[in-house]
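Chain by chain, the residues:
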Amino acid sequence: MKKLTMLGFGNIGREFFKKIKKKKIIKNILVRKIKKYDVLFIKKEINKKIYITKFYKNLEISKIIVETIGGDKTYKILKKLINIRKINKIITANKNLISKKYKNIIKLSKKKNIKIFFEAAVGGGIPLIKNLIYMNCVNFYKIFTIINGTTNYILTCIFNGFNKKKSFKITRKKGFAEKNINFDIKGIDIAYKLNIIISLLYNYYIKIKNISIEKLLIPKEKIIFLLKKNNFLIKYVGEIIKKKNIIDVSIFPIIINKNSIYNVKYEYNFVLLKSKKFGKLFIKSKGAGRYPTSISIVSDLFSKIKNKFKNLRLFCSNRIIKEKIFILIKKRRMFNFYYKNVFKNIIIKEFKKNTYIITKEFLDSKRIFFFNKYFYKELILRIK
Ligand SMILES: NC(=O)c1ccc[n+]([C@@H]2O[C@H](COP(=O)([O-])OP(=O)(O)OC[C@H]3O[C@@H](n4cnc5c(N)ncnc54)[C@H](OP(=O)(O)O)[C@@H]3O)[C@@H](O)[C@H]2O)c1
């Protein structure tokens, strides 16, 4: 395994460090301010020094970067590093960066041939991104989700009898809340995550200002008492509805029954995806916290997706063909390849009636090396 450079050593970075320190693949760690206890801890664990980000020029940066700084300022830092060093792979937990700079990142990654992984950016430990990539040929018309662990933790505390101040304090102490809790309460964090989901499922980007966001207002104790008495709870949810070419995104607090499947507690999140043909997909897991989030980063780090297939998607206007490819791939036990996003840029054109070919753009690209001739031929023949 190649060595890596870590950016940031906070809540998530530190946990990630603990998980992989024994593998001896950390080349260096860059932080904003050097803290004595971090220096001692790192020295003791891996006998390495810790450096300050702004002095990156004098450092030997690895080809793999794990970014756990947060915020979109990291884009500038990453860009600088990319310009001075050959970077192969960037793994980030930063939804802000991926959502706001999605187009720039895709462009940059294609230009510089960099793989970008961001499983941890949406829903912490929920294996969502990989599933969305795998499912991007399914026409989901509705996504309903609790995808912000911070507000879910706060609301759980409040309905467990803590006041607002104490609930915020506990959530912060547990490491679920980031420095600016307003991002969570005002729905911005959810908006970023929904935007990433939209980009992956529909290849579309929605400006945050076009998302209907209702801030989470913590009700007075009297109201909470009444809700609890009647077996009701408040949850802060996000919803994406796609009707033909219109994507409607909203974020709002709702009242749900205590026994509803949507009643996920504490840092747990869920994502419900609905499709007319595929049916429902419900994923629930821990959506925040250093442990599940760092697990997602580690999983991205050891993911074996080939560089050539990054950030591409399956473009195909004909749904039936798309589904047939999908079945064929599964039958040929190419499931793993599909899962790893190999088939994202197969552009299909009609050759004769009911016979389809993979276009020149695809053949011209080096990506073909993944398919042996036999498979390729069969693919053309069988898609009828
Ligand atoms: N916490 C969660 O449950 C959770 C869940 C999913 C995803 N995430 C994402 O994970 C990322 C990290 O979150 P976190 O909770 O670990 O945040 P954090 O505890 O605030 O850690 C951020 C770290 O980055 C450092 N940093 C800030 N500016 C820097 C710079 N210019 N160069 C190098 N280091 C810099 C900070 O140092 P200082 O302390 O000196 O500022 C701090 O050590 C964020 O993108 C967040 O959205 C977090």
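Rules and cut-offs
Here the residue numbering is sequential within each chain, running from 1 through the sequence in written order. The model is predicted, so local features are restricted to residues of pLDDT at least 70 and side-chain atom pairs to those at 80 or more, both for listing and for counting; the totals for chains, interfaces and linings are taken over all residues. Note that the side-chain values use all heavy atoms of the structure and ignore hydrogens as well as water. UniProt positions are given in the numbering used here, feature names are shortened, and annotations may be inferred rather than shown by experiment. A run of H or I in DSSP counts as a helix once it spans at least four residues, and a run of E counts as a strand once it spans at least two, with each numbered from the N terminus. The rule is simple: take the accessible area with a 1.4 Å probe, protein chains only, and divide by the maximum for that residue type; under 20% is buried, over 50% is exposed, in between is partly exposed. When checking whether two residues touch, look at their non-hydrogen atoms; a contact exists if any pair is within 4.5 Å. Each accessible area value is a Shrake-Rupley result obtained with a 1.4 Å probe; residue values ignore everything except the protein chains displayed when judging cover. At least two bridges found by DSSP between two strands are what make those strands a pair. When a carboxyl oxygen of Asp or Glu is within 4 Å of a side-chain nitrogen of Lys or Arg, the pair counts as a salt bridge. The aromatic pairing rule takes the rings of Phe, Tyr and Trp, using the six-membered ring of Trp, and pairs them if the centres are within 6.5 Å, calling planes under 30 degrees apart stacked, those over 60 edge-to-face and the rest tilted. Two conditions define a charge located above a ring, namely a distance within 6 Å from the ring centre to NZ of Lys or CZ of Arg, and an angle within 35 degrees of the ring normal. A cutoff of 4 Å decides nearness: a residue is near a molecule or strand if any of its heavy atoms lies inside that distance of it. Pairing of N or O atoms within 3.5 Å defines a polar contact, subject to two protein rules: one partner must be a possible hydrogen donor and the other a possible acceptor, and residues neighboring in sequence count only if both atoms are side-chain atoms. The split of the chain into domains comes from an automatic or database domain assignment. For this analysis, a nonpolar core means a set of buried residues of the types Ala, Val, Leu, Ile, Met, Phe, Trp, Tyr and Cys, connected via side-chain atoms within 4.5 Å.

- The name given to the protein chain in an unreviewed UniProt entry is homoserine dehydrogenase, with the source organism recorded as Candidatus Vidania fulgoroideorum.
- The heading Sequence similarities (unreviewed entry) in the UniProt record of the protein chain holds the text "Belongs to the homoserine dehydrogenase family."

**Here's the deal with the overall build of the protein chain**
Part 1 of the reasoning: Looking only at helices and strands, the protein chain features 16 helices and 14 strands.
Part 2 of the reasoning: Out of the 384 residues belonging to the protein chain, those deemed buried represent 54%.
Part 3 of the reasoning: Long-range contacts, defined here as pairs at least 24 residues apart, represent 70% of the contacts in the protein chain between residues at least 6 apart.
Part 4 of the reasoning: Surface accessibility of the protein chain: about 20,300 Å² in total, with carbon and sulfur atoms responsible for 54%.

**Section: the pairing of strand 9 (residues 232-243)**
Part 1 of the reasoning: Examined bridge by bridge, strand 7 (residues 140-146) and strand 9 share four bridges and lie antiparallel to one another. Within strand 9, the position partnered with threonine 145 by the bridge is glycine 238.
Part 2 of the reasoning: When strand 9 meets strand 10 (residues 246-257), the two strands line up antiparallel, connected through twelve bridges. Following the sheet pairing, leucine 233 is matched in strand 10 by isoleucine 256.
Part 3 of the reasoning: Hairpin connection of strand 9 to strand 10: two residues between the antiparallel strands, including lysine 244 at a positive phi of 50°.

**Observations regarding the pattern of salt bridges**
Part 1 of the reasoning: What the rule picks out here adds up to twelve salt bridges.
Part 2 of the reasoning: The closest approach of N and O atoms between glutamate 15 and arginine 290, which form a salt bridge, is 3.6 Å. A residue pair is termed long-range when its members are at least 10 positions apart, and glutamate 15 in helix 1 (residues 11-20) and arginine 290 in helix 12 (residues 290-301) qualify at 275 residues.
Part 3 of the reasoning: Overlapping salt bridges, with partners in common, bring together Glu15, Lys19 and Arg290 in one network.

**Quick word on the packing of aromatic side chains**
Part 1 of the reasoning: In total, this model carries ten aromatic pairs according to the counting rule given.
Part 2 of the reasoning: Look at phenylalanine 17 and phenylalanine 41: their rings are 5.5 Å apart centre to centre, the planes differ by 50°, and that puts the pair in the tilted class. Of this pair, phenylalanine 17 sits in helix 1 while phenylalanine 41 sits in helix 2 (residues 36-46), placing them 24 residues apart in sequence.
Part 3 of the reasoning: Among the residues examined, phenylalanine 17 registers a relative accessible area of 0% and is labelled buried.
Part 4 of the reasoning: An aromatic cluster is built from Phe144, Tyr262, Phe270 and Phe282, whose rings are joined through pairwise contacts.
Part 5 of the reasoning: Across from the ring centre of phenylalanine 41, 4.9 Å away, lies the NZ or CZ of arginine 14, which sits over that ring.
Part 6 of the reasoning: Its guanidinium or amino end placed over the ring of tyrosine 141, lysine 276 lies 5.3 Å from that ring's centre, counting from NZ or CZ.

**Side note on the environment of cysteine 137**
Part 1 of the reasoning: With respect to the helices and strands, cysteine 137 occurs in the loop between helix 6 (129-134) and strand 7.
Part 2 of the reasoning: Along the chain, cysteine 137 and leucine 201 lie 64 residues apart, while their C-alpha atoms are 8.1 Å from each other.

**Structural notes on the site of the ligand**
Part 1 of the reasoning: Around the ligand sit 26 residues, and of these Ile12, Arg32, Lys35, Thr53 and Gly289 come closest.
Part 2 of the reasoning: Within the side chain of lysine 35, an N or O atom sits 2.7 Å from an oxygen atom of the ligand.
Part 3 of the reasoning: A distance of 2.7 Å is found between an oxygen atom of the ligand and a backbone nitrogen or oxygen belonging to glycine 289.
Part 4 of the reasoning: Protein contacts shield 89% of the accessible area of the ligand, which totals 900 Å² for the unbound molecule.
Part 5 of the reasoning: Split by domain, the shell around the ligand shows at least three residues from each of two domains, domain 1 (4-121) and domain 2 (129-287).

**Here's the deal with the nonpolar core**
In summary, soluble globular proteins display a tendency toward joint burial of nonpolar side chains.
Part 1 of the reasoning: By size, the foremost hydrophobic cluster in this structure holds 77 residues, and its most contacted members are Leu128 and Ile240.
Part 2 of the reasoning: Here the element with the most residues in this core is helix 10 (residues 188-202); it accounts for nine residues.
Part 3 of the reasoning: Formed jointly, this core draws a minimum of three residues from each of two domains, domain 1 (4-121) and domain 2 (129-287).
Part 4 of the reasoning: With residues up to four places along the chain from it excluded, the contact list for leucine 128 reads Glu119, Val122, Ile147, Ile197, Val271 and Ile283.
Part 5 of the reasoning: Membership of the second largest hydrophobic core comes to 24 residues, among which are Phe41, Ile42, Val66 and Ile297.

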